[in-house]
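Structural features, examined
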Amino acid sequence: MLRFAITDLRSRISALKVFLACLILGVTLVAATASLYRVIEHSLLADTRAILGGDVELDTNKPLPDDVLEWIRKTGRISLVREFDTIVSSESGDGFFRAEILVPDAAYPLYGELQLAPNQSRTDLTAKQGEFWGAVIDPLLAERLEQSVGDELQIGAATFRITGLIEKQPDRSLNANWRGLPVMISEQAVDATQLIRPGSRVDYEYRIQTERDLDLWLEEFEQAFPDTRWDITTFAERSERIAERLDQIATALILIAFTTLFIGGLGVANSIRAYLDEKLGTIATLQTLGLRRRPLVGIYLLQIGLMGSLAGLIGGAIGLGLAAVAIGVAGDAFALSGPEGTSSWLQLWLLPLLLSWLFAVLTAYVFALPSLAKALAAPPAGLFRGQVQAASHEPRKWRIASYLLLAVYIGATLLGLPSPELGFLFLLAVIVLWGLLEADKRPAPWRKNAGEQRFCRWQLCPPACPGQSPPARFTAAGHAIIPGYGADTRGRLYSSGHHAAQGTGNHHTGRIPRADPL
């Protein structure tokens, strides 16, 4: 059976080019999005402590009392970063830009590594050299100011010399720089700026590194200081927030990819229908020669599975390749390096490839089963009349099988999404929209007048002979381009006005007729 299926498929594989192209395009998007999401998620969650700056962060608008600091130092290390916003300008005063002034202490950073250019310590670069204090700024801020290392920068009442650039800051990997681009100065230089005065908004971020269990640490801390109103965040809570946001973003992108794959199913359906139309004579001949129905069904199901598998593997490989290129380009800029190990490699790369293959095969079967059912239901007696036509409707068993397979497809899609709840809402919105379109396509009872059904919509009259169904590509284009295009699922067009009722008029002028008035 396999040899016959491959031989029969090779004889007309050119007719399935659209089949392969539609599946490969959709699967490529699915594989690229899924694999890229997995790598980014693993990389960010692995560096949560560095992103937060410690195991625990206490955020307040004033310094912590001495007894609190003493209690924290007994349980671990502590680092303080003061942050406030201001406007900086170049030496000439031509450009003014918002910046976030960072004043870290000597223990910063507790996790990760601060990379500066030139490769010197932050203490040396921010120290006072001559009459100017040193400042280390973000490269983007230097570009906006049109300055470089050695130029002067005005911050408040003090003039600083740019002594270095921040190449990598571990606790700013997910910050969107809403408050401004970072500028690091020393604790001694803050007084020279004269920016911190009574009423100034200054954030005091205390990062804590401890080897104790965080839940136990928090419980003891709350017992020791029950009346505190500080904002306390642990790296576990930050991990949950990061994972939740990533899941929402990834679900939206993957849904777009699956929508592309599902729309590509229209091309799959049209391509397989054209292929099976050419095989109607072969199917009828095999049935006439005594081939039983089960082997015949198996042959063409096998062909669809082979083509779906080929498209899934090709599209999955292309998608993984695109994801690898994207990670290679963005890896240095965003410090995205996935975890190592065989299990991680399987989860990050092999699993998306297998899922891409699975959904390619499911998509092929979902959109090919109706056409296959009609082709296999064609009466072999048509051979004696010189014309074999596919059945107008698929048998009931095939229809039930199609619906079950579609349910499996939707269920697998929802389970495979990072956020199934968001996927379910998307599916619900699609169902509601589909119901509204179907309701709009049906004529209202009060619009009937002497056997006439008038529709307030634009309709296309294809260049087809009267009584014939329009080409499949024409019907698909109508559904995609013109909302409310009056074509049912069997490819027939609704006629408008009294021409439909009387069976007369211009049937194939190739023009868009005027819509009937209300």
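Look above for the structure.
Below: a short report on this structure. (Residues numbered from 1 in each chain as written. Predicted model: local features only at pLDDT ≥ 70, side-chain atom pairs only at ≥ 80, totals over all residues. Heavy atoms only, no water.)

**Considering the overall build of the chain**
- A count of helical and extended segments in the chain gives 17 helices and 13 strands.
- When each of the 518 residues of the chain is scored for burial, the buried share is 43%.
- Long-range contacts, defined here as pairs at least 24 residues apart, represent 77% of the contacts in the chain between residues at least 6 apart.
- Carbon and sulfur atoms make up 58% of the accessible area of the chain, which amounts to about 28,500 Å² in all. (Helix = DSSP H or I, 4+ residues; strand = E, 2+ residues; numbered from the N terminus. Buried < 20%, exposed > 50% of the residue type's maximum accessible area, 1.4 Å probe, protein only. Contact = heavy atoms within 4.5 Å. Areas by Shrake-Rupley, 256 points an atom, 1.4 Å probe, with all protein chains shown as cover.)

**Overview of the environment of proline 395**
- Within the secondary structure layout, proline 395 lies in the loop between α13 (382-385) and α14 (396-416).
- In the structure, proline 395 is positioned 22 residues away from alanine 373 in sequence and 6.9 Å away in space, judged by C-alpha atoms.
- Not counting the four nearest positions on each side in its chain, proline 395 is found in contact with Ala373 and Ala377.

**Some thoughts on the nonpolar core**
- In this structure, Phe19, Leu261, Ile272 and Leu372 are the most contacted members of the largest nonpolar core, which totals 51 residues.
- Elements represented by at least two residues in this core include exactly α1 (2-11), α2 (17-46), α9 (235-278), α10 (280-288), α11 (293-334), α12 (342-376) and α14.
- The dominant element in this core, judged by the number of residues it contributes, is α12, at 12 residues.
- The contact partners of leucine 372, leaving out residues within four places of it in the chain, are Leu276, Tyr300, Leu301, Ile304 and Trp398.
- Listed in part, the 41 residues of the second largest apolar core include Ala135, Val183, Trp217 and Trp230. (Core = buried A, V, L, I, M, F, W, Y, C linked by side-chain atoms within 4.5 Å.)

**Focus: the pairing of strand β7 (residues 152-155)**
- Alignment of strand β2 (residues 77-90) against β7, held across three bridges, turns out to be antiparallel. Pairing of serine 89 across the sheet is with glutamine 154, part of β7.
- In this sheet, strand β8 (residues 158-168) lies alongside β7 in antiparallel orientation, the contact comprising four bridges. For glutamate 152, the partnering residue across the bridge sits in β8 and is arginine 161.
- The hairpin formed by β7 and β8 contains two residues between the paired strands, and glycine 156 there has a positive phi angle of roughly 65°. (Pairing = 2+ DSSP bridges.)

**So, the side chain of aspartate 105**
- Its place among the elements puts aspartate 105 in the loop between β3 (96-104) and β4 (115-117).
- Here aspartate 105 is buried and forms no salt bridge, its nearest opposite-charge partner arginine 122 lying at an N-O distance of 5.6 Å.
- For aspartate 105, the side chain forms a polar contact with the main-chain nitrogen of alanine 107, separated by 3.3 Å.
- Excluding residues within four positions of it along the chain, aspartate 105 makes contact with Ile78, Ser79, Leu80, Arg122 and Glu187. (Lys, Arg positive; Asp, Glu negative; His and termini not counted. Salt bridge = Lys/Arg side-chain N within 4 Å of Asp/Glu carboxyl O. Polar contact = N/O pair within 3.5 Å; in protein donor to acceptor, adjacent residues only side chain to side chain.)

**Observations regarding a negative patch on the surface**
- On the surface, Asp213, Asp215, Glu219 and Glu222 cluster together into a negatively charged patch.
- Tracing the chain through its elements places glutamate 219 in helix α8 (residues 214-224).
- Residue class for glutamate 219 comes out partly exposed when judged on its relative accessible area of 45%. (Patch = residues over 30% accessible without salt bridge, like charges linked within 9 Å, V, L, I, M, F, W, Y side chains within 5 Å. Charge placed at Lys NZ, Arg CZ, Asp CG, Glu CD.)

**With respect to a nonpolar patch on the surface**
- Nonpolar side chains collect at one region of the surface, where Leu422, Phe424, Leu425, Leu428, Val432 and Leu436 lie side by side and expose about 560 Å² of accessible area between them.
- By secondary structure assignment, the location of leucine 425 is in helix α15 (residues 420-441).

**Re the packing of aromatic side chains**
- Considering all chains together, one arrives at 10 aromatic pairs under this definition.
- Measuring from centroid to centroid gives 6.1 Å for phenylalanine 221 and tryptophan 230, while their planes differ by 45°, and the two rings are tilted. For the pair phenylalanine 221 and tryptophan 230, one class covers both residues: buried.
- What links up through ring pairs into an aromatic cluster is the set Trp71, Trp217, Phe221, Phe225 and Trp230. (Phe/Tyr/Trp six-rings, centres within 6.5 Å; stacked < 30°, edge-to-face > 60°.)

**Quick notes on α14**
- For α14, built from 21 residues, the straight-helix expectation of 30 Å at 1.5 Å per residue is met to within 8% by its first-to-last C-alpha distance of 30 Å.
- Of all the positions in α14, only Trp398, Ser402, Leu405, Tyr409, Thr413 and Leu414 are classed as buried. (Expected span 1.5 Å × (residues − 1).)

**Describing the packing of α9 against α14**
- Running from amino to carboxyl end, α9 crosses α14 at an angle of 160°, the nearest separation of the two axes being 12 Å. As far as their axial angle goes, α14 and α9 are roughly antiparallel. Judged by the sense of rotation from one axis to the other, the crossing of α9 with α14 is right-handed. Residues Phe258, Leu261 and Phe262 of α9 touch α14, and the partners they reach there are Leu406, Tyr409 and Thr413. (Axes fitted to C-alpha atoms, helices over the stretch in contact; angles between N-to-C directions. Parallel < 35°, antiparallel > 145°, perpendicular 65-115°, else oblique. Left-handed = near helix turned anticlockwise from the far one by under 90°.)

**A short note on the pattern of salt bridges**
- Under the defined criterion, the tally for this structure stands at seven salt bridges.
- Between glutamate 57 and arginine 207 there is a salt bridge, with the nearest N and O atoms lying 3.3 Å from each other. Of this pair, glutamate 57 sits in strand β1 (residues 56-60) while arginine 207 sits in strand β10 (residues 203-209), and the two are 150 residues apart along the sequence. With respect to class, glutamate 57 is no different from arginine 207; both count as buried.
- Here lysine 74 makes a salt bridge to glutamate 70, at a shortest N to O gap of 4.0 Å. Taken together, the positions of lysine 74 and glutamate 70, both in helix α4 (residues 66-75) and four residues apart, correspond to about one turn of that helix.
- A relative accessible area of 46% places glutamate 70 in the partly exposed class.
- Among the ionic contacts, a cluster of salt bridges with common partners joins Glu57, Asp171, Glu205 and Arg207.

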